Amino acid sequence: MQEFGSTCLVARAEDGIRGYIFGFVTPGGTGYVHLIATRDDARGTGLGRRLYTAFAEAAERHGARQLKAITSIENTGSIAFHRSLGFDAKIVDDYNGHGLAMAVFHRDLPLNIS
Ligand SMILES: CC(C)(COP(=O)(O)OP(=O)(O)OC[C@H]1O[C@@H](n2cnc3c(N)ncnc32)[C@H](O)[C@@H]1OP(=O)(O)O)[C@@H](O)C(=O)NCCC(=O)NCCS
């Protein structure tokens with residue numbers, strides 16, 4: 001974690017942590033989101049979008065020209081969320097090994113979504 005702290009962002013409020021996004025920029029210039037989550041009682045308020053916007057700005061400062069994320073094909077909420085943010089979503093067979101398909105998201109930067 002200490003090696004990519006500048007692209008790991010946490011949303012804090014008086015009542016604690018409401019969400020976070022952890023990722024890094026690859027040598028090839030991809031801002032890769034390892035995970036994003038918002039607290040149950042903060043969902044649907046635009047926090048996930050704001051976290052992605054902040055991550056995209058940090059990733060661009062580190063040279064990223066596109067974003068990538070993956071999720072399980074069962075995670076329909078995540079797929080809908082990423083589509084709302086303008087990501088292209090594809091189901092890639094065998095992504096995680098034989099018989100293990102994943103939903104793979106790509107989007108060019110800049111991210112003008114706020
Ligand atoms: C996915 C997640 C991060 C979304 O966070 P959020 O704070 O609710 O997202 P926002 O309120 O910023 O929503 C942004 C857009 O996505 C859409 N969206 C978010 N969750 C959605 C869902 N479950 N179904 C359909 N659309 C959804 C919103 O409607 C909104 O669209 P709009 O701006 O066009 O109206 C949150 O539901 C979560 O933490 N899920 C569990 C963890 C997870 O699955 N993470 C992703 C994989 S690592």
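Presented here is a report on the structure given in the accompanying data block. Keep in mind it's a predicted model, so treat the numbers as computed, not measured.

Conventions adopted
Residues numbered from 1 in each chain as written. Predicted model: local features only at pLDDT ≥ 70, side-chain atom pairs only at ≥ 80, totals over all residues. Heavy atoms only, no water. Buried < 20%, exposed > 50% of the residue type's maximum accessible area, 1.4 Å probe, protein only. Helix = DSSP H or I, 4+ residues; strand = E, 2+ residues; numbered from the N terminus. Arc of directions from axis to C-beta. Contact = heavy atoms within 4.5 Å. Phe/Tyr/Trp six-rings, centres within 6.5 Å; stacked < 30°, edge-to-face > 60°.

Digging into helix α2 (residues 76-84)
Reasoning step 1: Among the residues of α2, those classed as buried are S78, I79 and H82. Each buried residue of α2 lies within a common arc of 100 degrees when the element is viewed along its axis, so the set occupies one face. Exposed side of α2, more than 90 degrees from the buried face: T76, R83 and S84 are the residues found there.
Reasoning step 2: The secondary structure elements touched by the buried residues of α2 are α1 (47-61), β4 (66-72), β5 (88-92) and β6 (102-108).
Reasoning step 3: The first or second residue beyond α2 is G86, which carries a positive phi of 85 degrees.

Points about the packing of aromatic side chains
Reasoning step 1: This model, assessed by the stated rule, comprises six aromatic pairs.
Reasoning step 2: Each ring, one from Y52 and one from F81, has its centre 5.9 Å from the other, and the planes form 50 degrees; the classification is tilted. Remark: F81 occurs in helix α2 and Y52 occurs in helix α1; sequence separation between them is 29 residues.
Reasoning step 3: Look at F81 and you get partly exposed, because its relative accessible area is 24%.
Reasoning step 4: One aromatic cluster is present, formed by Y52, F81, F87 and F105 through successive ring pairs.

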